[in-house]
Amino acid sequence: MTQQSKTAKAVACANIALIKYWGKRDIALNLPAVGSISLTLEALKTQTRATFDPNLDKDYLIINDQQASESQRKRIEKFLDIIREKSGNRLFAEVRSDNNFPTGAGLASSASAFAALSLAATHASGLELNKKDLSGLSRRGSGSATRSIYGGFVEMQRGKDASGKEDFAIQLASQDYWDLRLLILITSKEEKKMGSTEAMNLTAKTSPYYQDWVNSSGKDLVEMRKAIREKDFEKLGDLAEYSAMKMHALTLSSRPPVLYWNSTTLELIEQVRALRHDGIPVYFTIDAGPQVKVISLPDHINTLKSHFEFFPGVENIMESKLGPDVELIGDDN
Ligand code: DP6
C-alpha cells in the first residue's frame, strides 16, 4: 500500500529554568544527571509544520525561512529517525519551523523547537503520544524541550532506570496558578561560543565541582517545589539565583573554562541586587549565554522595564507571562 502524505502543525513555548539542568548521565539517550524546574514563557514561541511525504527523496528542513545548517540538520534527522522507528512510517519529512522571537537574539530555541517538532512530527507520522511520552521523546532532541511540553511550572525528573523510561517532565502547576512576569534582557546577539550540550559534557569531565553539583541538586528541587507550593516569591527568586550561579561556577571551573557572561551581564546582576535592596521583588537567572532573565511580579514589571530600557548594553527587552502547553494548531489533511 502506498502511504499518503500527512501534515501537522504545532506551537510550543520556550522555557526558562529556575533550577538548572546541567550534565548528562547518558549521552546517547540524553538522560539528565539532575532534575530541573522551569517556567514556560508565553512570549517566546516556535511554530512547526511537519509533513511525511512519499514524494520526498530526503528530509527538507527550513528554520526561520532558511535551510537548516549542517549541525541542525544532523540533529533533526536523527530525531526524525526516532519517530520513523517508533511509528513505522518510513517516509521522509518536510519540516518548517519558525520562531516568533528575533532570530539570533542569543536565546536558546532548542526547547520550544523540539517540543513543537515532537508534537507536529509524531502526529504527521500517525503516532499519537500522550504528554508524558511526548516529553520523553522531546528529550531525545534536547533536555530542556521535555519541559516545553507543559505550560506554567514544570519539573523535568531525573530517572534512575538506565532505559530512560522515568526521564520525562511533569507539570507542577498551570500557567494560571501564579502570575509571574519575566523580562529578557538581551545584551548580545552574537552566537554563543560553546553550545550547552558541549559545555555540559566538558564540565562533567573536567570540573572538580561536578559531583557536588549532582549531589546537591535534590535539595534544590525539594526547596523549589516548596517555594512554588507556598507561592513564596522571595524563596523562589533566591533559589533561582543560587542555581544559576552554581551552574556558572561549574562552567567557570571547567578546563578550558567557559565564561558565558559579558560586562553588561555582570552590571545587570548588580542592578537586580540594588533594585532588590530598594524594596522591589526582583531576581535574575542566566542560561548558557550573556542574556539576563529578570523574574518579578505584575505590580513591578513596568518600573523594571523603564529601569532597563535605556540601560547601556541592553540591546533589546522582551516581556513575558507564563505560557501554555504545546498544542496542535491545525492539520492540513
Ligand atoms: C543552561 O537542553 O540545551 O539552558 O539536552 O544537550 O540539548 P541538551 O541541552 P539543553 O541545555 C539547557 C541548559 C540550560 C539550563 C536549563 O534549561 O535547564
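Remember, it's a predicted structure, so these values are computed and weren't measured experimentally.

Cut-offs applied
Residues numbered from 1 in each chain as written. Predicted model: local features only at pLDDT ≥ 70, side-chain atom pairs only at ≥ 80, totals over all residues. Heavy atoms only, no water. Near = heavy atom within 4 Å. Polar contact = N/O pair within 3.5 Å; in protein donor to acceptor, adjacent residues only side chain to side chain. Areas by Shrake-Rupley, 256 points an atom, 1.4 Å probe, with all protein chains shown as cover. Helix = DSSP H or I, 4+ residues; strand = E, 2+ residues; numbered from the N terminus. Nonpolar A, V, L, I, M, F, W, Y, C, P; charged D, E, K, R; others polar. Salt bridge = Lys/Arg side-chain N within 4 Å of Asp/Glu carboxyl O. Buried < 20%, exposed > 50% of the residue type's maximum accessible area, 1.4 Å probe, protein only. Contact = heavy atoms within 4.5 Å. Phe/Tyr/Trp six-rings, centres within 6.5 Å; stacked < 30°, edge-to-face > 60°. Lys NZ or Arg CZ within 6 Å of the ring centre and 35° of its normal.

A.B. asks: Help me understand the site of the ligand, please; the structure alone is not making it clear to me.
C.D. replies: In the vicinity of the ligand lie 18 residues, with Tyr21, Lys24, Gly143, Ser144 and Thr197 positioned nearest. Take Tyr21: an N or O atom from its side chain is 2.7 Å from an oxygen atom of the ligand. About the coverage of the ligand: the protein hides 95% of its 460 Å² of free accessible area. With 3 residues, the top contributor of residues to the shell around the ligand is helix H4 (residues 196-206). Grouping the amino acids of the shell around the ligand by side-chain chemistry returns 6 nonpolar, 7 polar and 5 charged.

A.B. asks: Whenever I open this one, the pattern of salt bridges confuses me. Can you help?
C.D. replies: A side chain with one charge can pair with a side chain of the opposite charge if their charged atoms come near. If you walk through the whole model with that rule in mind, you get 17 salt bridges. Among the salt bridges present, the one from Asp59 reaches Arg84, with a minimum N-O distance of 2.8 Å. Of this pair, Asp59 sits in the loop between strand E4 (36-53) and strand E5 (60-63) while Arg84 sits in helix H1 (residues 70-87), and the two are 25 residues apart along the sequence. Taken as a pair, Asp59 and Arg84 share a single burial class, namely buried. Salt-bridge contacts for Glu223 lead to Lys219; the nearest nitrogen and oxygen are separated by 3.2 Å.

A.B. asks: Looking at this structure, how should I read the environment of Leu202?
C.D. replies: Counting through the fold element by element, Leu202 comes out in helix H4. If sequence neighbours within four positions are ignored, Leu202 has contacts with Met194, Ser207, Ser254, Arg255, Pro256 and Val258.

A.B. asks: Explain the packing of aromatic side chains here, please?
C.D. replies: Both the distance between ring centres and the angle between the ring planes are used here to describe each pair of aromatic rings. On inspection of all chains with the given rule, the structure shows 6 aromatic pairs. Taking the centre distance of 6.4 Å and the plane angle of 85 degrees together, the rings of Trp178 and Phe233 count as edge-to-face. Of this pair, Trp178 sits in the loop between strand E9 (169-173) and strand E10 (181-186) while Phe233 sits in helix H6 (residues 233-252); the two residues are 55 residues apart in sequence, bridging distant segments of the chain. Between the aromatic rings of Phe308 and Phe311, the centroid separation amounts to 6.4 Å while the plane-to-plane angle is 70 degrees, which identifies the pairing as edge-to-face. The residues Phe308 and Phe311 share a single accessibility class, namely buried. Members of the aromatic cluster, each reached through a chain of ring pairs, are Phe153, Tyr177, Trp178, Phe233 and Tyr283. Its end group placed over the ring of Phe168, Lys132 keeps NZ or CZ at 5.1 Å from the ring centre. The ring of Tyr177 carries Lys231 above its face, with NZ or CZ at 4.3 Å from the centroid.

A.B. asks: Teacher, can you tell me more about unusual backbone geometry here?
C.D. replies: Keep in mind that most residues, glycine aside, have a negative phi and that most peptide bonds are trans. Backbone torsion omega between Arg255 and Pro256 reads -5 degrees, so that peptide bond is classified as cis. For Pro256, the position within the fold is in the loop between H6 and helix H7 (263-277). Positive phi values are uncommon outside glycine, yet Asn30 reaches one of about 50 degrees. The phi dihedral of Lys231 is positive, around 50 degrees, even though this residue is not glycine. The residue Lys231 is located in the loop between helix H5 (210-229) and H6 in this model. Classification of Lys231 as partly exposed rests on a relative accessible area of 39%.

Fair warning: the whole summary comes from geometry, so function is off the table for now.
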